[in-house]
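Observations on chain architecture
Each chain is listed here by its residues.
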Amino acid sequence: MPDQTLPYLNACGNITKGLEKIKTAQTPEVFSHDFLSDTLGMRGGSARPLVSYLKRTGFLGTDGVPTDQYKSFRNPTQSKAAAAQALRTGYAPLFKMAEAAHKLDDSRLKGLIVQATGLEADSSSAKGILGSFKALREFAGDAEPEPEGVAGHGDTGDAGSDGGSEGGSGGGAGSGGGEVGRQLPVGVGLSYTINLHLPATSEIAVFNAIFRSLRENLLK
């Protein structure tokens, strides 16, 4: 059986219609089928799968509660970015195969869909996935889906890199045994791992001298 992992509606127009109505309707506490039919005016069996589609694309939680992405989508200044992220969320397998999947033409996009799902190219499901992807993509416009796993890089990240470099130097000094007396700069938060190669001796004075030097020079 095909690995059906991508969300779609056979009636792709309901994606366009539903998202347009979401922009103007009040955000519900829970986006239910009743809300879909009574508030958004989308009735009938072809519209009901929209609730599941919105969950699969990150607009709703599994409990039907609107997410921050849903709320951002209703903000005209953030709407395109929210839709772009919905593409990334709902169609992650396509973006894993092609980072710029949202820029592909119909032929190449359909090829990715067939590759990801195992569906026949001319099947109604493959056509529905293609149409649904394109319907959602229209709302993203020129916004770029944020790559999965990307985190912001600020001053904290740079400091972490510097710390790693310093930590490496500390480890080298400890294993070498010749720089045990090196003192850390005040205010620098580093973590040292020191490997001591103790001499084979029964003289307690030798061990006392080593640990006294550690305490006085590194453990202050």
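Along each chain, residue indices are assigned from 1 in the same order as the chain's sequence is written. Totals for whole chains, interfaces and linings use every residue, but because this is a predicted model, local features are given only for residues with pLDDT of at least 70 and side-chain atom pairs only at 80 or more, for both listing and counting. To obtain the side-chain values, all non-hydrogen atoms of the structure were used and water was disregarded.

**Some words on the overall build of the protein chain**
This is how the line gets drawn: Under the scheme used here, helices are H or I runs from DSSP no shorter than 4 residues and strands are E runs no shorter than 2 residues, and both carry numbers assigned from the N terminus. Relative accessibility under 20% of the residue-type maximum defines a buried residue, over 50% an exposed one, and the middle range a partly exposed one, all with a 1.4 Å probe and only protein chains included.
Along the backbone of the protein chain there are ten helices and zero strands. Reading the helices (α) and strands (β) of the protein chain from amino to carboxyl end gives α-α-α-α-α-α-α-α-α-α. A total of 220 residues make up the protein chain; the buried ones form 35% of that total.

**A closer look at helix H7 (residues 106–117)**
Definition in use: Expected span of a helix, by definition, is 1.5 Å for each gap between consecutive residues, and there is one gap fewer than residues. Read the arc as the range of directions from the helix axis to the C-beta atoms. When checking whether two residues touch, look at their non-hydrogen atoms; a contact exists if any pair is within 4.5 Å.
Relative to the 16 Å expected for twelve residues at 1.5 Å per residue, H7 spans 16 Å between its end C-alpha atoms, a close match to the ideal helical length. Buried within H7 are the following residues: Leu 109, Lys 110, Leu 112, Ile 113, Ala 116 and Thr 117. Seen from one end, H7 has its buried residues packed into an arc of 155°, which puts them on one side. Facing away from the buried surface of H7 by more than 90 degrees, the exposed residues are Ser 107, Arg 108 and Gln 115. Buried residues along H7 sit against helix H6 (92–97) and helix H8 (124–140). Count one or two residues on from H7 and you reach Gly 118, which has phi positive near 80°.

**Description of the confidence of the model for the protein chain**
Counted only if it meets this: What pLDDT reports is the predictor's confidence in each residue, on a scale of 0 through 100.
When the pLDDT values of the protein chain are averaged, the result is 79; 67% of them are 70 or greater. Contacts for the low-pLDDT stretch residues 149–182, under 50 throughout, to residues beyond four places or in other chains number 22 contacts. Taken together, the stretch residues 184–188 has pLDDT below 50 and engages in two contacts with residues farther than four places along the chain or on a different chain.

**A look at helix H3 (residues 49–56)**
Every buried residue belonging to H3 is among Leu 50, Val 51, Tyr 53 and Leu 54, and all of these are buried. Taken end-on, H3 shows its buried residues confined to a sector of 160°, consistent with a single buried face. At the C-terminal side of H3, Gly 58 shows a positive phi close to 90°.

**What about the nonpolar core?**
Keep this limit in mind: Residues belong to a common nonpolar core when they are buried Ala, Val, Leu, Ile, Met, Phe, Trp, Tyr or Cys residues joined through side-chain atoms within 4.5 Å.
Leu 19, Phe 31, Tyr 91, Leu 94 and Leu 136 are the most contacted members of the largest nonpolar core, which totals 45 residues. Contributing elements (two or more residues each) for this core: helix H1 (13–24), helix H2 (33–39), H3, helix H4 (68–73), helix H5 (79–90), H6, H7 and H8. The element best represented in this core is H8, accounting for eight residues. Discounting chain neighbours no more than four positions away, the residues touching Leu 19 are Leu 54, Phe 59, Phe 73, Leu 136 and Phe 139.

**A few points about the environment of Tyr 70**
Checked against the element boundaries, Tyr 70 lands in helix H4. C-alpha separation for the pair Tyr 70 and Phe 59, spaced eleven residues apart in sequence, amounts to 4.6 Å. When residues no more than four places from it in sequence are discounted, the contact partners of Tyr 70 are Ile 22, Thr 27, Pro 28, Phe 31, Phe 35, Phe 59 and Leu 60.

**A few points about the packing of aromatic side chains**
This is how the line gets drawn: Any two of the Phe, Tyr and Trp rings considered here, Trp counted by its six-membered ring, make a pair once their centres fall within 6.5 Å; the pair's planes then place it as stacked at under 30 degrees, edge-to-face at over 60, or tilted in between.
Across all of its chains, the model carries six aromatic pairs by this definition. On the basis of an interplanar angle of 65° and a centroid distance of 4.9 Å, the ring pair of Phe 31 and Phe 35 is categorised as edge-to-face. Ring geometry for Phe 59 against Phe 73: centres 5.4 Å apart, planes inclined by 70°, an arrangement best described as edge-to-face. Placement of Phe 59 in the loop between H3 and H4 and of Phe 73 in helix H4 is noted, with a sequence separation of 14 residues between them.

**Remarks on the packing of H1 against H3**
Here is the rule: Structural elements are reduced to axes, namely lines fitted to C-alpha atoms, with helices fitted over the stretch in contact, and the angle between N-to-C directions of any two is expressed from 0 to 180 degrees. Oblique is the label for any angle not covered by the other classes, which are roughly parallel (under 35 degrees), roughly antiparallel (over 145) and roughly perpendicular (65 to 115). Any residue that is not Ala, Val, Leu, Ile, Met, Phe, Trp, Tyr, Cys, Pro, Asp, Glu, Lys or Arg is counted as polar, Gly included; the first ten are nonpolar and the last four charged.
The interhelical angle for the contact between H1 and H3, taken along N-to-C directions, is 75°, at an axis separation of 11 Å. With respect to each other, H1 and H3 are oriented roughly perpendicular. Side by side, H1 and H3 meet where Asn 14, Ile 15, Gly 18, Leu 19 and Ile 22 of the first sit next to Leu 50, Tyr 53 and Leu 54 of the second. Grouping the amino acids of the contact of H1 with H3 by side-chain chemistry returns six nonpolar, two polar and no charged.

**Some points on the pattern of salt bridges**
Threshold: Criterion for a salt bridge: a side-chain nitrogen of Lys or Arg within 4 Å of a carboxyl oxygen of Asp or Glu.
As enumerated under the stated definition, the model contains four salt bridges in all. Close ionic contact of Lys 134 with Asp 106 constitutes a salt bridge, the shortest N to O distance being 2.8 Å. A residue pair is termed long-range when its members are at least 10 positions apart, and Lys 134 in helix H8 and Asp 106 in helix H7 qualify at 28 residues. On the basis of relative accessibility, which here comes to 34%, the residue Asp 106 falls in the partly exposed class.

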